[in-house]
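Overview (structure and organization)
What follows is the residue order along each chain.
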Amino acid sequence: MNVQTLVKEVVFHDSQIINIPPSFELIGKGRSASVFRIRETGIAVKVFYPGYEKLAEVESGVYEKLDNHEFFPAFYGKGDDFIVMEYVEGITFYDCLVKGIPITEDMINRVDAALAFACQIGLNPSDTHLKNIMLTPDGQVKVIDVVRFTQDFECPQWQDLKKAYRTLYRRKFAPKKYPVFFIEFIIRLYRRKLLPI
């Protein structure tokens, strides 16, 4: 299996996917790339959109520093416009809210430990949000999408999420399941700095 050959079959128009090889299964779309699982394997390939190819080098550098730490996907290699990594089975914290799967204090602490490790090795965790944190079937937590861990500014997202978790979500009678439209509405308010966090 030649990953580079498969990636050459991926065709984008801006961020829209025009073509993918049959052995690729789309598992995620972001601002700068789409992520595919190679079917029936534990391998994921992140392919960057036209104009964002240089981020493959940036993100691979982050993964090399993380050195296959348990709280992050294992890193397998890179090309000019893609990176190859472990496929993480599970659901995001975002999906936990949608499905009503409780997010526990232990899960929060595991994310804290992952980000603390990244800081210790000279990275600056950024863009850590509900869709970038995975809960695996065996209860492990993995932080994915680390391309922005090299940014200079201090990103408040994770600290703000923890504050909302501890002041609202963790309350005894607070619901643990939310409709997508409500979550998206809160995200829009947050991005516009209209929430008192």
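Along each chain, numbering runs from 1 in the same order as the chain's sequence is written. The predicted nature of this model means local features are confined to residues of pLDDT at least 70 and side-chain atom pairs, given and counted, to a pLDDT of 80 or more, with totals for whole chains, interfaces and linings taken over all residues. Water and hydrogen atoms were dropped before computing side-chain values, which therefore reflect all heavy atoms in the structure.

Some thoughts on the pattern of salt bridges
Between side chains of opposite charge, a pair can form as their charged atoms come close. Any Lys or Arg side-chain nitrogen located within 4 Å of an Asp or Glu carboxyl oxygen qualifies as a salt bridge. For the structure shown, the criterion picks out eleven salt bridges. Among the ionic pairs, Lys 46 bridges to Asp 145, the shortest N-O distance being 2.8 Å. Within this pair, whereas Lys 46 is found in strand β5 (residues 43-48), its partner Asp 145 is found in the loop between β10 (141-143) and α5 (157-169), the two being separated by 99 residues in sequence. When its relative accessible area of 6% is taken as the criterion, Lys 46 is described as buried. For the salt bridge of Glu 105 with Arg 170, the shortest nitrogen-to-oxygen distance reads 2.6 Å. Of this pair, Glu 105 sits in helix α4 (residues 105-120) while Arg 170 sits in the loop between α5 and α6 (180-191), placing them 65 residues apart in sequence. Classification of Glu 105 by relative accessible area gives partly exposed; the value is 24%. Categorising residues by exposure relies on relative accessible area from a 1.4 Å probe, with only protein chains included: less than 20% of the type maximum marks a residue as buried, more than 50% marks it as exposed, and the intermediate range marks it as partly exposed. Classification of Arg 170 by relative accessible area gives partly exposed; the value is 45%. A single network of salt bridges, built from pairs that share partners, joins Arg 31, Asp 127 and Arg 148. Counting from the N terminus, the helices are the DSSP runs of H or I reaching at least four residues and the strands are the DSSP runs of E reaching at least two.

Overview of the environment of Ser 15
Structurally, Ser 15 is set in the loop between β1 (11-13) and β2 (16-19). Between the C-alpha atoms of Ser 15 and Thr 5, which are ten residues apart in sequence, the distance is 20 Å. Note on contacts: a residue pair is in contact if any heavy atoms of the two residues lie within 4.5 Å. Leaving out residues up to four positions away in the same chain, Ser 15 has contacts with Lys 29 and Tyr 49.

Notes on the sheet that holds strand β9 (residues 133-135)
Spatially, β8-β9-β10 is the arrangement adopted by the three strands of the open sheet, whose pairing is antiparallel. Of all the strands in the sheet, the pair left with one neighbour each is β8 (91-92) and β10. Convention adopted: a line fitted to C-alpha atoms gives each axis, helices being fitted over their contacting stretch, and angles between N-to-C directions are expressed from 0 to 180 degrees. This element, α4, spans β9 and β10 of the sheet and lies at about 40 degrees to β10. Being paired, for any two strands, means DSSP has found at least two bridges between them.

Re the sheet that holds strand β4 (residues 33-38)
Strand order in the open sheet formed by five strands is β3-β4-β5-β7-β6, with antiparallel pairing between adjacent strands. Both outer strands of the open sheet, β3 (24-29) and β6 (75-78), are each paired with one neighbouring strand and no more. For this sheet the average axis-to-axis angle between neighbouring strands, irrespective of direction, equals 25 degrees.

Side note on the nonpolar core
Buried Ala, Val, Leu, Ile, Met, Phe, Trp, Tyr and Cys residues that are joined via side-chain atoms within 4.5 Å together make up what is termed a nonpolar core. Within the largest apolar cluster, 40 residues are counted, with the highest numbers of intra-cluster contacts made by Leu 66, Phe 72, Phe 93, Ile 103, Val 111 and Phe 149. Considering every element that reaches this core, the biggest residue donor is α4, with seven residues. Setting aside anything within four residues of it in sequence, one finds Phe 93 in contact with Ile 103, Met 107, Ile 108, Val 111, Leu 130, Ile 133, Met 134, Leu 135 and Val 141. Leu 6, Ile 38, Val 47 and Val 84 belong to the second largest nonpolar core, which has 13 residues in total.

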